[in-house]
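Spelled out, the chains give:
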Amino acid sequence: GQQLNQSPQSMFIQEGEDVSMNCTSSSIFNTWLWYKQDPGEGPVLLIALYKAGELTSNGRLTAQFGITRKDSFLNISASIPSDVGIYFCAGRRYGGATNKLIFGTGTLLAVQP
Amino acid sequence: DSGVTQTPKHLITATGQRVTLRCSPRSGDLSVYWYQQSLDQGLQFLIQYYNGEERAKGNILERFSAQQFPDLHSELNLSSLELGDSALYFCASSVGRDGAEAFFGQGTRLTVV
């Protein structure tokens, strides 16, 4: 199945550090979403982006919709232990017979107190 | 709590068997999506229903089928199960037909032995 390229695959950081991760695609998307998944749970929506160049914040999280429409970035400032989890980007495009989210490969974040 | 309810949370069954997974969407949501999550394939879209009608199809096998009932709950039927069908199955819901902001349930972990 199709997946978006997400990097880095994993990050191990100290509490208080800032985190950056990104997602790239060879195709243009109209919507970018960022989700966080805790072990044994479903993905939880963090931020949704609908316009190229859009920059949106949700507390310590900031995400951007790339100008080319082929990428998106998520930053977490001043990380805390509860930020631990897997972060997924997801893109959605119009056209064709499908209308669905395509997910990234995920970034595993570990935060050491 | 996303408001999306999935049952059962865990399911263990033998190869060749058939199982049914159930999903109740968030109140007011008309769209239901089914996703499969495995270690090697990530989160893969299977199928979407909107207000009782099939809306979009993804990488869903012919052995799998789904439906959405008048009360908007949905069921995913998996038959002739194989070992490779072991995965987490997530249901998500959204308000509109093309809603990008899908909210996920906690998932059903299916183990085929």
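Here's what I pulled together on the structure shown here.

Definitions and limits used
- Residues numbered from 1 in each chain as written.
- Chains lettered and ligands numbered in written order.
- Predicted model: local features only at pLDDT ≥ 70, side-chain atom pairs only at ≥ 80, totals over all residues.
- Heavy atoms only, no water.
- Salt bridge = Lys/Arg side-chain N within 4 Å of Asp/Glu carboxyl O.
- Helix = DSSP H or I, 4+ residues; strand = E, 2+ residues; numbered from the N terminus.
- Contact = heavy atoms within 4.5 Å.
- Polar contact = N/O pair within 3.5 Å; in protein donor to acceptor, adjacent residues only side chain to side chain.
- Nonpolar A, V, L, I, M, F, W, Y, C, P; charged D, E, K, R; others polar.
- 1 Å grid on protein atoms, 1.4 Å probe; cavity = no way out; pocket = protein on both sides within 12 Å on 5 of 7 lines; lining within 4 Å.
- Points joined across faces, edges and corners; volume = space filled by probe spheres on them.

### A closer look at the pattern of salt bridges
Part 1 of the argument: Under the criterion given, the structure shown has five salt bridges over all chains.
Part 2 of the argument: Asp-83 of chain A is the partner of Arg-60 of chain A in a salt bridge, and the nearest nitrogen-oxygen pair spans 2.8 Å. Here Asp-83 of chain A lies in the loop between strand S8 (71-76) and strand S9 (85-92) and Arg-60 of chain A lies in the loop between strand S6 (55-58) and strand S7 (61-65), a separation of 23 residues in the sequence.
Part 3 of the argument: Salt-bridge contacts for Asp-85 of chain B lead to Arg-63 of chain B; the nearest nitrogen and oxygen are separated by 2.8 Å. With Asp-85 of chain B in the loop between strand S8 (74-78) and strand S9 (87-94) and Arg-63 of chain B in the loop between strand S6 (53-57) and strand S7 (64-68), this residue pair connects regions lying 22 residues apart in the sequence.

### Observations regarding the interface of chain A and chain B
One widely used convention gives an interface's size as the accessible area the parts lose upon coming together.
Part 1 of the argument: Listed per partner, the contact involves 21 residues of chain A and 24 residues of chain B.
Part 2 of the argument: Counting across the chain A and chain B interface gives zero salt bridges.
Part 3 of the argument: Scanning the region where chain A abuts chain B turns up four residue pairs in polar contact (both at pLDDT 80 or more).
Part 4 of the argument: Elements supplying a minimum of two residues to the side of chain A that touches chain B: strand S4 (31-37), strand S5 (44-49), S9 and strand S10 (101-103) of chain A.
Part 5 of the argument: Per-class residue counts for the side of chain A that touches chain B are nine nonpolar, nine polar and three charged.

### Here we look at the layout of surface pockets
Part 1 of the argument: One number sums up the size of the largest pocket: a volume of about 530 Å³.
Part 2 of the argument: Lining the largest pocket are 22 residues, and of these Ile-86 and Phe-88 of chain A together with Gln-37, Ser-38 and Leu-39 of chain B lie nearest its centre.
Part 3 of the argument: Tallied by class, the residues present in the lining of the largest pocket amount to seven nonpolar, twelve polar and three charged.
Part 4 of the argument: Lining the second largest pocket are 17 residues; nearest its centre among them are Asp-1, Ser-2, Phe-104, Gly-105 and Gln-106 of chain B.
Part 5 of the argument: Mapped by element, the contributors of at least two residues to the lining of the second largest pocket are S5 of chain A together with strand S1 (5-7) and strand S10 (103-104) of chain B.
Part 6 of the argument: A breakdown of the residues in the lining of the second largest pocket according to their chemical character gives six nonpolar, seven polar and four charged.

Geometric values such as these leave the question of function open.
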